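Commentary on secondary and tertiary structure
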Amino acid sequence: MDEESTKDIKCGYGPYSPNCMQKFNNPKALLFFLSCFCMLQGFVVNGINNVNTTSVERRFELPSSRVGSISSAYDISAGILGVIISYFGSGKNKPRMVASACLFMSLGSFIMALPHFITGLYEYGQNVAESCRDPATAALSENSCSADAENYLQHFLYVFLLGQVMHGVGGTTLYIVGVALVDDSVPSSASPLYVGIMYSFSTLGPALGYVIGGQLLNLYVDFYEVESVSITPNDPRWVGAWWVGFVVASLLFLVVSIPLFGYGKELPTAQHVRETRVTETHNDNTTGKAVKELGASIKDMPRSFWILMKNPAFLFISLAGTFEGFSTSGMATFLPKLIQNQFGTSAAWAAILSGLIAVPGAAGGQFVGGIICKKMKLKVKGMLRLNVIVCIIALLLDAVVWVRCDLEDIAGVTVGYNQGEDVDGLISACNNNCSCSTALYEPVCSEHNVQYFSPCHAGCSGKARDDGTYSNCSCVAAFNHSVSHLSQSTVRKGKCNSECFKMYIFLPILLLSIFFRFIESPPSVAVTLRCIHDSQRTFALGIQWFIARLLGMVPGPIFFGAIIDGTCLVWQEKCKERASCWIYDNEALSRNFFVILVCVKTLAAIMFILAYKFYNPPADKLPNVSMTVKNHSTENGTGPPRKDNSSVSDSVSERTSTF
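Residues numbered from 1 in each chain as written. Predicted model: local features only at pLDDT ≥ 70, side-chain atom pairs only at ≥ 80, totals over all residues. Heavy atoms only, no water.

Looking up the chain in an unreviewed UniProt entry gives the name Solute carrier organic anion transporter family member, with the organism given as Magallana gigas. What UniProt records for the chain under Sequence similarities (unreviewed entry) is the sentence "Belongs to the organo anion transporter (TC 2.A.60) family." Checking UniProt for the chain, the heading Subcellular location (unreviewed entry) contains the comment "Cell membrane". (UniProt positions renumbered as here; feature names shortened; annotations may be inferred.)

The structure is reproduced here in structure tokens:
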């Protein structure tokens, strides 16, 4: 091997490549650094970004459907750029491309934190009257709304979208070029295990994001400027320190990029892997020589695309990934919100629980999926059979979304203001002259366990006492006819206590559902790799991602956000415009989630079955070069420097594997 070729595979920074650095020039060390990158990427994109959903909604007065577009911006960016990167990324310096992706991730995380530093202090209504107000005073308050003040916070949505676009550039490079680099460096039999470990770290990242991000939400958003606040994390108006995780992640991405910049164009093991690999390409009568000639210019792209579309195994596995990505991206974005609303927990505790479920479920599922493929030595057909089985099991377990706690008795929402009265909205005869609004949600509870939206909606004319109670509540007196004096009708701050232990049934079943859902990921990666021509792998990966993102991961969070908004019972209204939702219909939320998950999972199972049905294995499976040639080249240290061997991945690996 000549000096120039040796320099291309050595670790170092420019002319500095000492022998001590060559200890890291192997697949295991590379896997470690890429796994750290995957963990950080998952921590930001699918961890703290999802944990912060409720806080961002509340802080910037956004409905769930618009917050869902933040997650979709990542997939739009990654999907479009994935095609370009995959087509022109072959033969390039892959480690350097992955290291550059780290820098894009760092920039994106910094942009995501910017809105906190640009806006002023969060106002949760500390200067607004909570009890019954004089109509004249309320009218003055409403007239103070200005066109500029109404929506300026919502404009920061576009800053979040820009940050996610930067994340998309980094993420798509990691999961196209990074996974290709790993697959190029290890034998085919070990590739699913290596990729499974890498994806397990990508699910560990979101888990850490849920747990750490959940703890950060217990800190008040402006904790470094405000000494004390009168609300607690259990208050619906609470906004935690959502921005801290993005700042920390931005710095850590810079740290991880340093060792990745030190790798050469390929690992020393790559040549041996290339010479001994056995083909399992789908037999469609397309000659390998014709495929290898493609890719020299952009004019070849339509022909390359058409060859992939004629490969039924690739097409159906991509569509299966599309359906999986649709449901998983939506659930990943709104899982903490689902737990919070269905079981009445705080946003912080819901985030922590989501993380504790995601760790053993998603990471364990992917690791087990890789182990099964390796131990059982599954070929393409065997891996597709495995995917069909676990897909059906996960479908059955998705019925867990029906498990929920009943919504509290809320006057004007679930029960009438008078006993036996029909529900007719938050405004009733007992509070009609109080000029109440839904701009702020401060629930209060009567001694009869009836909850009111606020002291104003309870008709309370007295101010809050030191013990957190309000007196002279006309609506409480109207509900409880036995009260003889208005002064005896009181409510206390906070929601009514309700004992519900169904969450402890929900969480273990959800863990199993996630576990079986993610067993699919490593086999899907391997099938994608094996069923296409070697020279088309990188481009096929980009096309697969583009299809999965465009049809699945982009609309998924937006669609889930829309169906969540559709179950809203009480909206926050400011200056006569809707902002975020305060109270949801639990039963409708369970029904909508169940219908979507079952339909999408059924379609994914059908796609796996069709991929199994139409996959046609090659007639013969011989190594690219004989073992004799390989041994001769290895023993004598000769042989041509490694050229490009393209990629492997799963169209939904990045988002699906980070649920």
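Membership of the largest hydrophobic core comes to 76 residues, with the highest contact counts inside it found for Phe37, Trp242 and Leu260. With 14 residues, the single largest contributor to this core is helix H2 (residues 27–51). If we skip the residues at most four places from it in the chain, Phe37 touches Val98, Ala101, Cys102, Met105, Gly170, Leu174, Phe253, Val256 and Leu260. (Core = buried A, V, L, I, M, F, W, Y, C linked by side-chain atoms within 4.5 Å. Buried < 20%, exposed > 50% of the residue type's maximum accessible area, 1.4 Å probe, protein only. Helix = DSSP H or I, 4+ residues; strand = E, 2+ residues; numbered from the N terminus. Contact = heavy atoms within 4.5 Å.)

Turning our attention to the packing of aromatic side chains. Following the criterion strictly, the structure yields 24 aromatic pairs and no others. Considering the side-chain rings of Phe60 and Phe156, the 5.9 Å spacing of their centres and the 50 degrees angle between planes classify their relative orientation as tilted. Placement of Phe60 in helix H3 (residues 53–60) and of Phe156 in the loop between helix H7 (147–151) and helix H8 (157–185) is noted, with a sequence separation of 96 residues between them. Side by side, Phe60 and Phe156 carry an identical accessibility label, which is buried. Ring plane angle 20 degrees and centroid distance 4.6 Å describe the contact between Tyr441 and Phe453, whose orientation is recorded as stacked. With a gap of twelve residues between them, Tyr441 in the loop between helix H16 (380–397) and strand E1 (444–446) and Phe453 in the loop between strand E2 (451–452) and strand E3 (469–470) connect regions that are remote in the sequence. Using a relative accessible area of 3% as the deciding quantity, one classes Tyr441 as buried. A cation over a ring is seen here: Arg59 above Phe60, with NZ or CZ 5.6 Å from the ring centre. The aromatic ring of Tyr612 is capped on one face by Lys381, whose charged end is 4.5 Å from the ring centroid. (Phe/Tyr/Trp six-rings, centres within 6.5 Å; stacked < 30°, edge-to-face > 60°. Lys NZ or Arg CZ within 6 Å of the ring centre and 35° of its normal.)

With that settled, consider the pattern of salt bridges. One pass over the structure, following the stated rule, counts eight salt bridges. When the shortest N-O distance is used, the salt bridge between Lys337 and Glu57 registers 3.0 Å. Within this pair, whereas Lys337 is found in helix H14 (residues 312–343), its partner Glu57 is found in helix H3, the two being separated by 280 residues in sequence. Accessibility classification places Lys337 together with Glu57 in one group, the buried group. Of the charged contacts, one joins Asp235 and Arg237 as a salt bridge, the two residues approaching to 3.1 Å between their closest N and O atoms. For Arg237, a relative accessible area of 4% corresponds to the buried category. Sharing partners across several salt bridges, the network here consists of Glu324, Asp398, Arg517, Glu520 and Lys601. (Salt bridge = Lys/Arg side-chain N within 4 Å of Asp/Glu carboxyl O.)

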